[in-house]
Amino acid sequence: MADESLHDRLSNPARPVFLLGDVPPGEGTPPHKCSEIANKFVSRSRMLAADGYIVYDIQDEPGRTDEDRPFPFRRVMDSSTHAALLANLSGRECLVYKCVADPNFEIWLENNKAIGHTAINLVGRASSEGKYEGPTISEAMNIVESREDVHFGCVCIAERHTLEAAQRRGKAYPTEHVNMVRKIKAGAKWFISQAVYDAKPTIRLLKDYATLCKQKGIAPSKVVLTFAPVSRKKTMSFIKWLGVNVPVETEELILSAEKPIEKSIEYLCDVLREILSECSGVGVPLGISCESVSIFKAEIDGVHELFRRLQTILLDSRGSPWKVQWLEGLPPAGEIDSD
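Residues numbered from 1 in each chain as written. Predicted model: local features only at pLDDT ≥ 70, side-chain atom pairs only at ≥ 80, totals over all residues. Heavy atoms only, no water.

Colleague: Report on the overall build of the protein chain, specifying residues and quantitative values.
Modeller: When helices and strands are tallied, the protein chain shows twelve helices and eight strands. Scaling as 2.2 N^0.38, a compact globule of 339 residues should have a C-alpha radius of gyration of about 20 Å, and the protein chain matches this with 19 Å. Counting only C-alpha atoms, the protein chain reaches 60 × 45 × 45 Å along its principal axes. Classification of the 339 residues of the protein chain by burial places 51% in the buried group. Excluding contacts between residues fewer than 6 apart, the proportion of contacts in the protein chain whose partners are at least 24 apart in sequence is 80%. (Helix = DSSP H or I, 4+ residues; strand = E, 2+ residues; numbered from the N terminus. Rg over C-alpha atoms; globule rule 2.2 N^0.38 Å. Buried < 20%, exposed > 50% of the residue type's maximum accessible area, 1.4 Å probe, protein only. Contact = heavy atoms within 4.5 Å.)

Here it is, written out as structure tokens:
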């Protein structure tokens, strides 16, 4: 199992997968500083039993909402470059996010191949505003699927899978499950969710997704559920700005607590328990990803505690004994600097 690649772990329905998310340093950060930042992330997360890391591709999203962005946008270095640093320092592979709205998308794929990443997650733009450059999601999936050196997954967004969201789009019923099946047919091997703060839309999506897969006679690809703890109002505002549905009572529960980060962790653990209980037996393989959407220390530390607790909940739900082992970390093959 230790020799199984990250894309195999993501694709394998027989085992859950556990990931930790990171954002690249700002564009123009000196190389030595980039190495320091990557080393700090790896050192902090070394004790977590993670299968690998997610490295996000951060894009400006001015048309996402009329609300002001709580944190100012800053351009970051290329996701595949930062992922290479993390892989070299940790011996863990990375799932590299890539926004397909890039006129140099195919050049990026070639560079990604040279670096050695074999698992990428394709995402589209959050808004249709402005001139569109690069392939569409459908075109990008076709491009990647035609290659043998890389495997891909996509995102799934439970907030799209509510009756209210369907009505806003002029539809009688939400269709995110239909989008997921379409992407499976195009070659997607897994899905990564948006951060979850409301169990109900996720439960609806997983059940509808499982039912449609059964009707179509296809095996559902794994869904990795993402969780991000918060400890202050500004971070909560950012979570909501990103499109995550946070029930009013949940926001009040967390932010009014004596220790909001602990209450956030406790609440998200209950969310996972509810999802697992309601979706038991539907046949959708699951995984867990944890991330911090800020650089606030309490929230970064909270991610690690949340990761351990969610991992325990998911593994215990399988009903089989499990254990954590330590391994000597070596860089992925072909990534050792020989200088």
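Colleague: Quick rundown of the pattern of salt bridges? Include the residues and the values.
Modeller: According to the stated counting rule, one finds 18 salt bridges in the structure shown. Note that Glu 4 is salt-bridged to Arg 15, the shortest N-O span being 3.9 Å. In this pair, Glu 4 is assigned in the segment before helix H1 (6–11) and Arg 15 in the loop between H1 and strand E1 (18–22), connecting sequence segments eleven residues apart. Here Lys 240 makes a salt bridge to Glu 251, at a shortest N to O gap of 2.8 Å. In this pair, Lys 240 sits in helix H9 (residues 233–241) while Glu 251 sits in helix H10 (residues 248–255), placing the two residues eleven residues apart along the sequence. Given a relative accessible area of 35%, Lys 240 falls into the partly exposed group. Look at Glu 251 and you get buried, because its relative accessible area is 12%. Via salt bridges that share partners, Glu 4, Arg 9, Arg 15 and Asp 51 belong to a single interconnected network. (Salt bridge = Lys/Arg side-chain N within 4 Å of Asp/Glu carboxyl O.)

Colleague: Before we move on, can you summarise the packing of aromatic side chains with the specific residues and values?
Modeller: Counted according to the given criterion, the structure contains six aromatic pairs. With a centroid separation of 6.0 Å and 85° between ring planes, the pair formed by Phe 191 and Tyr 209 is classed as edge-to-face. Here Phe 191 is found in strand E6 (residues 190–195), whereas its partner Tyr 209 is found in helix H8 (residues 199–216), with 18 residues between them in sequence. Judged by relative accessible area, Phe 191 falls into the buried class, the value being 0%. According to the relative accessible area criterion, Tyr 209 is buried, its value standing at 0%. (Phe/Tyr/Trp six-rings, centres within 6.5 Å; stacked < 30°, edge-to-face > 60°.)

Colleague: Tell me about the pairing of strand E8 (residues 286–290), residues and numbers included.
Modeller: Across the five residues that make up E8, a large majority, five, are buried. With burial as the criterion, each face of E8 is covered, one bearing Leu 286, Ile 288 and Cys 290 and the other bearing Gly 287 and Ser 289. Alignment of E1 against E8, held across three bridges, turns out to be parallel. Opposite Leu 19, over in E8, you have Ser 289 as the bridge partner. Direction of pairing for strand E7 (residues 222–227) relative to E8: parallel, over a ladder of five bridges. Bridged to Phe 227 within E8 is Cys 290. (Pairing = 2+ DSSP bridges.)

Colleague: Any details on empty space enclosed by the protein? Residues and values, ideally.
Modeller: As enumerated under the stated definition, the model contains one cavity of 30 Å³ or more in all. Taken as a whole, the largest cavity encloses approximately 80 Å³ of empty space. Lining the largest cavity are 15 residues; nearest its centre among them are Ala 158, Ser 193, Gln 194, Val 196 and Thr 202. Looking at the lining of the largest cavity, the elements with two or more residues in it are E6, H8 and E7. Residues belonging to the lining of the largest cavity are distributed by class as follows: nine nonpolar, four polar and two charged. (1 Å grid on protein atoms, 1.4 Å probe; cavity = no way out; pocket = protein on both sides within 12 Å on 5 of 7 lines; lining within 4 Å. Points joined across faces, edges and corners; volume = space filled by probe spheres on them. Nonpolar A, V, L, I, M, F, W, Y, C, P; charged D, E, K, R; others polar.)

Colleague: Lay out the state of the cysteines with the relevant residues and their values.
Modeller: A covalent bond bridging the sulfur atoms of two cysteines is what the word disulfide describes. Here the structure, examined in full by the defined rule, presents zero disulfides. The thiol of Cys 269 is unpaired, and the distance to the nearest cysteine sulfur, on Cys 290, comes to 8.7 Å. (Disulfide = S-S within 2.5 Å.)

Colleague: Which residues make up the side chain of Asp 22, and what are the values?
Modeller: For Asp 22, the location among the structural elements is in strand E1. In this structure, Asp 22 is buried with no salt-bridge partner, the nearest side chain bearing the opposite charge being Arg 44 at 8.2 Å. What Asp 22 contacts, discounting residues up to four positions off in sequence, is Phe 41, Ile 54, Val 55, Tyr 56, His 82 and Leu 86. (Lys, Arg positive; Asp, Glu negative; His and termini not counted.)

Colleague: Break down H8 for me, citing the residues and quoting the values.
Modeller: Counted at 1.5 Å a residue, the expected span for H8 with its 18 residues is 26 Å, and the 26 Å between its end C-alpha atoms agrees. If you check which residues of H8 are buried, you get Ala 199, Pro 201, Thr 202, Ile 203, Leu 205, Leu 206, Asp 208, Tyr 209, Ala 210, Leu 212 and Cys 213. Contacts made by the buried residues of H8 are with strand E5 (151–156), helix H7 (176–185), E6, E7, helix H11 (260–278) and E8. Residue Gly 217 follows H8 closely and has a positive phi angle near 75°. (Expected span 1.5 Å × (residues − 1).)

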